[in-house]
Amino acid sequence: MEVWSRIGIHKMRSLHLWNRLLSSSHHINNIRWYQSYTPSITTSKRYLTTNPSASHDQKPTPSVSIDKKEVKKFDELASQWWDVNGHAKMLHRMNPTRIAYIRSGIEVHLLSHSNSNSHPKRQEKGQQTDAETDMKGFQGGNGQGTRIKLPLDGVSILDIGCGGGLVSEPLARLGAQVLGVDGSSQGVYVATEHAKLDPMVQGRVEYRQATAEELVSERKQFDVVCALEIIEHVKNPKEFLKDCSSLVRPGGLLFLSTMNRTVKSYMIAVLGAEYVARVLPVGTHQWTRFVRPEELSTVLESFGMKSEEVVGIVYDLFTRSFKYSQDHSVNYIFMASKKA
């Protein structure tokens, strides 16, 4: 892996979003909304099998970022994506925190600056629906009901490295139009099949086995691009970030979450999680591929992005859930914007 130069930590912006997350009730409402809408279609068993007709040799267009060994590894684990006690156990626990942060970032930096002409379906400021109202619009076993406006109506989102759809589905339930892409054919199959179980996401989420480079070549752009827990698995992080930046429309947002390259992250995320607690398969992560926030900031700004904020995500052993922190030494989520 390319060793990026060490620089002083970039001073992140948008402290009002940090205050919004920690001091206001908005974040708590987001978490509660996530918990209320999450359907009971996760399981402790491998109820979703992978596609026997999908070849492990099937690959998207050759990529400078895709690591074939990583793709094969996640192909083999694909049946466990929606197993709350499987290899994605910690991602399931982290998801409410990640989704709430992304929603808040979109509302503060994107929706509050949008006009009705650019997003005609979007609610006017001050008319945001709550969890119960959002759910009422989709009551009924056939998914029929009175159509209401959801918090992220009109927002197009690309989820790169979508895996089984753990991030794509919640964002679709919030009203966004989501495209999830992954290099793993088995992961895409599981994501597609799982989405069929919930009428709320049908017509709002689509999955493709594809690379970021393919979408760039197709001249695709999105309001929001998410690349969560993926950059540490790519071969060329700098080229990957270049593609991610190209896929963000002017005025749009980029969200990345990953692990910091520190001694603490090695002790916790590698030795602790893989060898001691065994909550992750041994070999899931390569510590040398972890990326520091200041490295993300420097590279992204060279591609015309503006670093907005970095927030730490820490695990609470007592509640067995993740929460926000000013400690970025292990897990963190990073937000950047593109000038309109």
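Residues numbered from 1 in each chain as written. Predicted model: local features only at pLDDT ≥ 70, side-chain atom pairs only at ≥ 80, totals over all residues. Heavy atoms only, no water.

Per the counting criterion, the structure on display carries four aromatic pairs. Pairing Tyr101 with Tyr324 gives two aromatic rings, centres 6.1 Å apart and planes at 55 degrees, and the pair type is tilted. One end of the pair, Tyr101, is in helix α4 (residues 89–109); the other, Tyr324, is in strand β7 (residues 321–325), and 223 residues separate them in sequence. Considered together, Tyr101 and Tyr324 belong to a single accessibility category, that of buried residues. On the basis of an interplanar angle of 55 degrees and a centroid distance of 4.9 Å, the ring pair of Tyr315 and Phe322 is categorised as tilted. Residue Tyr315 is classed as partly exposed on the basis of its relative accessible area, which comes to 27%. (Phe/Tyr/Trp six-rings, centres within 6.5 Å; stacked < 30°, edge-to-face > 60°. Helix = DSSP H or I, 4+ residues; strand = E, 2+ residues; numbered from the N terminus. Buried < 20%, exposed > 50% of the residue type's maximum accessible area, 1.4 Å probe, protein only.)

Looking now at the side chain of Asn95. Mapping Asn95 onto the fold places it in helix α4. For Asn95, a relative accessible area of 2% corresponds to the buried category. Here the side chain of Asn95 touches Arg98 through a polar contact of 2.7 Å, side chain to side chain. (Polar contact = N/O pair within 3.5 Å; in protein donor to acceptor, adjacent residues only side chain to side chain.)

Let us look at unusual backbone geometry. The phi torsion at Glu229 lies on the positive side, around 50 degrees, for a residue other than glycine. Residue position: Glu229 is located in the loop between β4 (222–228) and α9 (237–246). A relative accessible area of 15% means that Glu229 is categorised as buried. Look at Arg320: it is not a glycine, yet its phi comes out positive at around 55 degrees. According to the relative accessible area criterion, Arg320 is exposed, its value standing at 56%.

Next up on the list: the pattern of salt bridges. Once the charged atoms of two side chains with opposite charge are near each other, the side chains can pair. Counted according to the given criterion, the structure contains eleven salt bridges. As a salt-bridge pair, Glu107 and Arg103 come within 3.1 Å of each other at their nearest N and O atoms. In this pair, Glu107 and Arg103 are both assigned in helix α4, four residues apart and thus about one turn of the helix distant. Both residues of the pair, Glu107 and Arg103, count as buried. A salt bridge links Lys196 to Glu193, with the shortest nitrogen-to-oxygen separation between them at 2.9 Å. The exposure class of Lys196 is exposed, given its relative accessible area of 52%. On the basis of relative accessible area, Glu193 is assigned to the partly exposed category, the value being 24%. (Salt bridge = Lys/Arg side-chain N within 4 Å of Asp/Glu carboxyl O.)

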